[in-house]
Amino acid sequence: MGIRDVLREEFQRERLWFAGIQSERLCISQWRVPVEVCLIYRALVMVYAVACLMYMASHPPNLPYPLPAYLTTWAYFLLCLYLLAHLLTASVLHVSALVRGRDLYQRPPSCCTRPSVTIHASKFVEAGTSSNSSSSDNNSSSDALSISIAAGGGREGYQTITESDGRFFSSPWYLCVVWVLFDVASVLALTVTTAYFAFLFHGGGGKHLGALDFSGVQAHVLNSVLVLIEQLVTALPFRLLHVVYPFLFSVAYLVFSIVYWADEHSRVIYPGILDWNRPGLTVVYVLLTGFLFLPLFHAVLFLVYKGRVAVYMRC
């Protein structure tokens, strides 16, 4: 599939919403590993991230304003919320399926067995967005809209199955919540890391916002590391049009910064960057962030997603 076909597919109205995938993808990985391994991974990552957040809250760095005033805190809290929500929903779905006597992978009653290639691939079948979403070429349907199901035991002889009857269009609310948290937390993590090292990091010194202590490493470096690992492991797709959700979250923080500053004009959270006493320069930074950096980082994560799927299809 060419770039034009990918963009035509991504920029459809249906791709703006959180629908078209099976809820079982919350429980599984892109890779053919047991569900139990995915849950253990999610539990470990969530505990680590939440423990770091609790440490930062109990040992706040020497900053001029309370920790909740900073975008870094908002972004890291959102990342923890996503990891917690994903773990809880995946666990509930897995346990409820076992209680009903139905394993998500239709495996024999034994723990930690890998699913078959066919069953695993079937979880990635998605609803077609429209009858015109693909061209006459048999390979024009993307790996996001239609996943090849193994015919037989090997990867050869894949046949493309596209679900166009709308069976998977209606997503449960918990899938929508986890998906939107995934999108927003991922983009904000890369944005915070880049902005920190581009504008705030000064190589130490307690008076600087850029003092890279333990909390600084967790909130400005390992946040992006966790996001990139998650991008390589998760089975959730990444849509180009979902860039609107990190944008809306950024607008919410922008409004907060204005309200926080309006009550007392000396409250400049990020001097030289988000300083409403100097609105001209601040507006420039805001526009660059909203219309350049956010879309750029979102596009980078989309390419990571497409690369992940491409590797999966060839393994």
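Residues numbered from 1 in each chain as written. Predicted model: local features only at pLDDT ≥ 70, side-chain atom pairs only at ≥ 80, totals over all residues. Heavy atoms only, no water.

Let's talk about the overall build of the protein chain
Okay, so step 1: Broken down by element type, the protein chain carries 9 helices and 2 strands.
Okay, so step 2: The buried share of the protein chain, reckoned over its 315 residues, is 45%.
Okay, so step 3: For the protein chain, the exposed area adds up to about 15,100 Å²; of that, 68% sits on carbon and sulfur atoms. (Helix = DSSP H or I, 4+ residues; strand = E, 2+ residues; numbered from the N terminus. Buried < 20%, exposed > 50% of the residue type's maximum accessible area, 1.4 Å probe, protein only. Areas by Shrake-Rupley, 256 points an atom, 1.4 Å probe, with all protein chains shown as cover.)

A word on the packing of helix α5 (residues 173–200) against helix α8 (residues 244–263)
Okay, so step 1: Running from amino to carboxyl end, α5 crosses α8 at an angle of 70 degrees, the nearest separation of the two axes being 8 Å. Taken together, the axis directions place α5 and α8 in an arrangement best described as roughly perpendicular. Seen along the crossing, α5 lies across α8 with a hand that is right-handed. Across the interface between the two elements, V180, D183, V184, V187 and L188 from α5 touch Y245, P246, F249 and S250 from α8.
Okay, so step 2: Taken together, the residues of the contact of α5 with α8 break down into 7 nonpolar, 1 polar and 1 charged. (Axes fitted to C-alpha atoms, helices over the stretch in contact; angles between N-to-C directions. Parallel < 35°, antiparallel > 145°, perpendicular 65-115°, else oblique. Left-handed = near helix turned anticlockwise from the far one by under 90°. Contact = heavy atoms within 4.5 Å. Nonpolar A, V, L, I, M, F, W, Y, C, P; charged D, E, K, R; others polar.)

Notes on empty space enclosed by the protein
Okay, so step 1: In this structure the tally under the stated criterion is 2 cavities of 30 Å³ or more.
Okay, so step 2: The space that makes up the largest cavity amounts to roughly 40 Å³.
Okay, so step 3: Lining the largest cavity, in full, are L79, Y82, L83, F182, A185, S186, L226, V227 and E230.
Okay, so step 4: Residue composition of the lining of the largest cavity, by class: 7 nonpolar, 1 polar and 1 charged. (1 Å grid on protein atoms, 1.4 Å probe; cavity = no way out; pocket = protein on both sides within 12 Å on 5 of 7 lines; lining within 4 Å. Points joined across faces, edges and corners; volume = space filled by probe spheres on them.)

Observations concerning the packing of aromatic side chains
Okay, so step 1: Taken as a whole, this structure holds 20 aromatic pairs when the rule is applied.
Okay, so step 2: Consider the rings of Y65 and Y260, whose centres lie 6.0 Å apart with planes at 85 degrees: the pair is edge-to-face. Pair noted here: Y65 is in the loop between α2 (35–58) and α3 (71–99) and Y260 is in helix α8, with a separation of 195 residues, a long-range link. Here Y65 and Y260 have matching classes, each one buried.
Okay, so step 3: Both rings, one in F256 and one in Y260, keep their centres 5.5 Å apart while their planes meet at 25 degrees; by these two values the pair is stacked. (Phe/Tyr/Trp six-rings, centres within 6.5 Å; stacked < 30°, edge-to-face > 60°.)

Focus: the state of the cysteines
Okay, so step 1: For the structure shown, the criterion picks out 0 disulfides.
Okay, so step 2: Looking at the unpaired C52, the closest cysteine sulfur is the one in C80, lying at 7.9 Å.
Okay, so step 3: By relative accessible area, C52 is classed as buried at 5%. (Disulfide = S-S within 2.5 Å.)

A closer look at α2
Okay, so step 1: Over its 24 residues, α2 runs 34 Å from end to end, which matches the ideal 34 Å to within 8%, given 1.5 Å per residue.
Okay, so step 2: Considered for burial, the residues of α2 that qualify are V35, E36, C38, L39, Y41, R42, V45, M46, A49, C52 and M56.
Okay, so step 3: Packing partners of the buried residues in α2 comprise α3, α6 (214–220) and α7 (222–233). (Expected span 1.5 Å × (residues − 1).)

Describing the pattern of salt bridges
Okay, so step 1: Per the stated rule, a full pass over the model turns up 5 salt bridges.
Okay, so step 2: Between D263 and R267 there is a salt bridge whose closest N-O contact spans 3.4 Å.
Okay, so step 3: With a relative accessible area of 59%, D263 lands in the exposed category.
Okay, so step 4: Look at R267 and you get partly exposed, because its relative accessible area is 22%.
Okay, so step 5: When the shortest N-O distance is used, the salt bridge between E264 and R267 registers 3.8 Å.
Okay, so step 6: According to the relative accessible area criterion, E264 is partly exposed, its value standing at 39%.
Okay, so step 7: Here the salt bridges share partners, and the residues they tie into one network are D263, E264 and R267. (Salt bridge = Lys/Arg side-chain N within 4 Å of Asp/Glu carboxyl O.)

Here we look at the confidence of the model for the protein chain
Okay, so step 1: Residues at a pLDDT of 70 or more form 79% of the protein chain, whose mean pLDDT is 82.
Okay, so step 2: Counting contacts from residues 129–169, a segment whose pLDDT is below 50, to residues more than four positions away or on other chains yields 84 contacts.
Okay, so step 3: Residue range residues 203–208 is modelled with pLDDT below 50. Its contacts to residues more than four positions away, or to other chains, number 6 contacts. (pLDDT = per-residue confidence, 0-100.)

So, the side chain of H242
Okay, so step 1: The topology assignment puts H242 in the loop between α7 and α8.
Okay, so step 2: Taking relative accessible area as the criterion, H242 reaches 0% and is therefore assigned buried.
Okay, so step 3: Ignoring anything within four residues of it in the chain, the contact list for H242 reads R15, L16, W17, F18, W179, D183 and H298.

What to know about the environment of T194
Okay, so step 1: Relative to the assigned elements, T194 resides in helix α5.
Okay, so step 2: Counting along the chain gives 27 residues from T194 to V221, while the straight-line C-alpha distance between them is 9.3 Å.

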